[in-house]
Amino acid sequence: MTKIKVLFVCLGNICRSPLAEAVFSDKVRRAGLESMLIDSCGTGGYHIGHLPDPRSMAVASDHNIPMDHRARRLTKADLTDFDYVIGMDDENMYNIGKLSSSPTAETFKMRKFDSEGEDKDVPDPYYGGDEGFESVYQMLDRSSDGLLAYIRNKHGLDRS
Ligand code: 4NP
């Protein structure tokens with residue numbers, strides 16, 4: 001069976017999108033779904049090859065979520081290789097849209113799936129304090145539930 005591919009996108013790929021990848025992957029694993037490939041990347045190239053920001057790693061660890069990622073940059077090919085491309089904010093969505101005129105991936109803003117605060121941005125926590133990272137985690141946790149429900153429904157993946 002071909003895997004359903006989900007890509008999370010932010011600017012630097014060190015704070016929000018690697019945390020989104022980790023949170024969503026954890027939910028997929030807990031649900032016993034092996035049919036998904038999950039990755040993240042950034043629209044900017046400043047942090048290529050870097051580990052996630054220590055504050056993102058700390059918040060993942062606080063919630064017992066494993067994190068394993070090195071930053072990479074979004075490519076045009078991602079927009080046809082992946083089935084779902086999920087941006088964190090309006091600027092990410094603009095940059096995703098600019099990259100290709102013929103994407104085959106469905107593209108969404110992450111908080112479209114948030115039960116609290118639909119369609120708002122996941123704010124960039126990079127220049128703020130630790131509390132911003134916990135708040136981002138809560139948004140990603142709620143949004144991941146909604147996104148997973150959407151994908152399960154779309155692909156007829158039974159609840160276990
Ligand atoms: P992210 O956060 O997009 O959530 O990874 C940022 C990380 C680094 C920078 C900007 C945003 N930066 O300008 O270096």
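Residues numbered from 1 in each chain as written. Predicted model: local features only at pLDDT ≥ 70, side-chain atom pairs only at ≥ 80, totals over all residues. Heavy atoms only, no water.

S.K.: Explanation requested: the side chain of S143 in the structure shown.
M.R.: Position of S143 among the secondary structure elements: in helix α5 (residues 130–155). Residue S143 is classed as buried on the basis of its relative accessible area of 0%. (Helix = DSSP H or I, 4+ residues; strand = E, 2+ residues; numbered from the N terminus. Buried < 20%, exposed > 50% of the residue type's maximum accessible area, 1.4 Å probe, protein only.)

S.K.: Would you take a moment to explain the pattern of salt bridges for this structure?
M.R.: Here the idea is simple: oppositely charged side chains can pair when their charged atoms come close. Under the definition given, this model contains 14 salt bridges. D114 is the partner of R111 in a salt bridge, and the nearest nitrogen-oxygen pair spans 2.9 Å. Of the two residues, R111 and D114, neither departs from the other in class, the shared state being buried. (Salt bridge = Lys/Arg side-chain N within 4 Å of Asp/Glu carboxyl O.)

S.K.: Would you explain the packing of helix α2 (residues 54–62) against α5 in this entry?
M.R.: When two helices pack together, their arrangement is given by the angle between the helix axes and by the axis-to-axis distance. Relative orientation of the contacting elements α2 and α5 amounts to 55°, with a least axis distance of 9 Å. By the angle class used here, α2 and α5 are oblique. Considering how the two elements wind past one another, α2 and α5 form a crossing that is right-handed. Between α2 and α5, the residues in contact are R55, S56 and V59 and D130, F133, E134 and Y137, respectively. Along the lines of polarity and charge, the residues of the contact of α2 with α5 split into 3 nonpolar, 1 polar and 3 charged. (Axes fitted to C-alpha atoms, helices over the stretch in contact; angles between N-to-C directions. Parallel < 35°, antiparallel > 145°, perpendicular 65-115°, else oblique. Left-handed = near helix turned anticlockwise from the far one by under 90°. Contact = heavy atoms within 4.5 Å. Nonpolar A, V, L, I, M, F, W, Y, C, P; charged D, E, K, R; others polar.)

S.K.: Mind showing me how you'd approach the layout of surface pockets here?
M.R.: A probe as big as a water molecule, rolled over the atoms, marks out the empty space that is left. Approximately 180 Å³ is the volume attributed to the largest pocket. Considering the residues around the largest pocket, the lining is formed by 14 residues, among which E21, A22, S25, R29 and I38 are closest to the centre. Breaking the lining of the largest pocket down by element, the ones donating at least two residues are α1 (16–30) and β2 (36–42). Considering each element in turn, the lining of the largest pocket owes the most residues, 6 residues, to α1. (1 Å grid on protein atoms, 1.4 Å probe; cavity = no way out; pocket = protein on both sides within 12 Å on 5 of 7 lines; lining within 4 Å. Points joined across faces, edges and corners; volume = space filled by probe spheres on them.)

S.K.: Sorry, what's going on with the nonpolar core here?
M.R.: In a soluble, globular protein the nonpolar side chains are often hidden away together inside. If you look at the biggest cluster of nonpolar residues, it comprises 33 residues, and the most contacted ones within it are V6, F8, L19, F24 and M36. Of all elements in the fold, only β1 (4–10), α1, β2, α2, β3 (84–87) and α5 reach the threshold of two or more residues within this core. The greatest single-element share of this core, amounting to 7 residues, is contributed by α5. In this view, M36 contacts K3, I4, V6, F24, V28, L148, I151 and L157; residues no more than four positions away in its chain are not counted. Grouped together as the second largest cluster of nonpolar side chains are 9 residues, V9, L74, L79 and V85 included. (Core = buried A, V, L, I, M, F, W, Y, C linked by side-chain atoms within 4.5 Å.)

S.K.: Would you take a moment to explain the site of the ligand for this structure?
M.R.: In the vicinity of the ligand, the contacting residues are C10, L11, G12, N13, I14, C15, R16, Y46, H47, D124, Y126 and Y127. In the model, an oxygen atom of the ligand is placed 3.2 Å from a nitrogen or oxygen of the N13 main chain. Within the side chain of D124, one N or O atom sits 3.2 Å away from an oxygen atom of the ligand. In the complex, the protein chains occlude 92% of the 360 Å² of accessible area that the ligand would expose alone. Its residues placed into classes, the shell around the ligand shows 7 nonpolar, 3 polar and 2 charged. (Near = heavy atom within 4 Å. Polar contact = N/O pair within 3.5 Å; in protein donor to acceptor, adjacent residues only side chain to side chain. Areas by Shrake-Rupley, 256 points an atom, 1.4 Å probe, with all protein chains shown as cover.)

S.K.: Just to check I follow, could you spell out the pairing of β2 for this structure?
M.R.: Regular strands show a simple pattern: their side chains alternate between the two faces of the sheet. Among the 7 residues in β2, 6 count as buried, and that is most of the element. Following the chain from β1 across α1 to the adjacent parallel β2, one finds a crossover that is right-handed. (Right-handed = clockwise from strand over helix to strand, strands pointing away.)

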